[in-house]
Amino acid sequence: LVSHDTAMLKRACDSIAEITGDAPTADKPGSGRRLETYKSCSFDQWRQQRAERAQRWVSTYERQKEEERDLEDFIRRFGAKASKATQAKDREQKLKRLREEMVDRPPRDVIDLAATLA
């Protein structure tokens, strides 16, 4: 059932499936559209859970960007210092792993949706 009539959706739905994400691109072939399911979930519960998922995505992204900045700063400050060179190398490896695992930047509509819970 596809509808924009919220009153009817509130009465008729007990589970919701939503297609999220963008089409895969050449630089990110593993990313793309996926099916998010919300079982035994009313329309109002779906809206709440969707906003919570958006908030988790935004907070995860912000936390990872902050960690990335901290690691880059440490590497820049202590990379050439002999006493901290080993630690700087370790942080470079950690930064590399972080960038490989980093979540994509949330689109504007997800950021706006997450702001509704703030």
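Everything quoted here is computed from the prediction, not taken from an experiment. (Residues numbered from 1 in each chain as written. Predicted model: local features only at pLDDT ≥ 70, side-chain atom pairs only at ≥ 80, totals over all residues. Heavy atoms only, no water.)

### A few points about the overall build of the protein chain
- Assigned secondary structure in the protein chain consists of four helices and two strands.
- N-terminal to C-terminal, the α/β element order of the protein chain is α-β-β-α-α-α.
- Residue burial in the protein chain is summarised as follows: out of 118 residues, 24% are buried.
- Taking contacts inside the protein chain between residues at least 6 apart in sequence as the whole, the part at least 24 apart equals 53%.
- In the structure as shown, the protein chain presents an accessible area of about 8,800 Å², 48% of it carried by carbon and sulfur atoms. (Helix = DSSP H or I, 4+ residues; strand = E, 2+ residues; numbered from the N terminus. Buried < 20%, exposed > 50% of the residue type's maximum accessible area, 1.4 Å probe, protein only. Contact = heavy atoms within 4.5 Å. Areas by Shrake-Rupley, 256 points an atom, 1.4 Å probe, with all protein chains shown as cover.)

### A short note on the environment of Gln45
- Note on placement: Gln45 falls in helix 2 (residues 43–78).
- Residues Gln45 and Ile16, 29 residues apart in the sequence, show an inter-C-alpha distance of 10.0 Å.

### Points about the confidence of the model for the protein chain
- Within the protein chain, residue pLDDT values average 84, and 88% of them lie at 70 or more.
- For the protein chain, per-element mean pLDDT is lowest for strand 2 (residues 34–38), which scores 79, and highest for helix 3 (residues 85–101), which scores 93. (pLDDT = per-residue confidence, 0-100.)

### Here we look at the pattern of salt bridges
- Evaluation of the coordinates by the stated rule reveals 11 salt bridges.
- Of the charged contacts in the structure, one is a salt bridge between Lys65 and Glu68, with a shortest N-O distance of 2.8 Å. With Lys65 and Glu68 both in helix 2 and three residues apart, this pair spans about one turn of that helix.
- Residues participating in the shared-partner salt-bridge network are Lys65, Glu68, Glu72 and Arg99. (Salt bridge = Lys/Arg side-chain N within 4 Å of Asp/Glu carboxyl O.)

### Quick look at the nonpolar core
- Counting residues in each nonpolar core, the largest one holds seven residues, listed as Leu9, Cys13, Ile16, Tyr38, Cys41, Phe43 and Trp46.
- Residue contacts for Cys41: discarding those within four places in its chain leaves Cys13, Asp14, Ser15, Ile16, Trp46 and Gln49.
- Within the second largest apolar cluster, five residues are counted, among which are Leu71, Ile75, Leu98 and Met102. (Core = buried A, V, L, I, M, F, W, Y, C linked by side-chain atoms within 4.5 Å.)

### Points about the environment of Trp46
- Tracing the backbone shows Trp46 in helix 2.
- Judged by relative accessible area, which is 13%, Trp46 ranks as buried.
- When the C-alpha positions of Trp46 and Ile16 are compared, they lie 7.2 Å apart, and in sequence the two are 30 residues distant.
- If we ignore the near neighbours within four places in the chain, the residues touching Trp46 are Ile16, Glu18, Tyr38 and Cys41.

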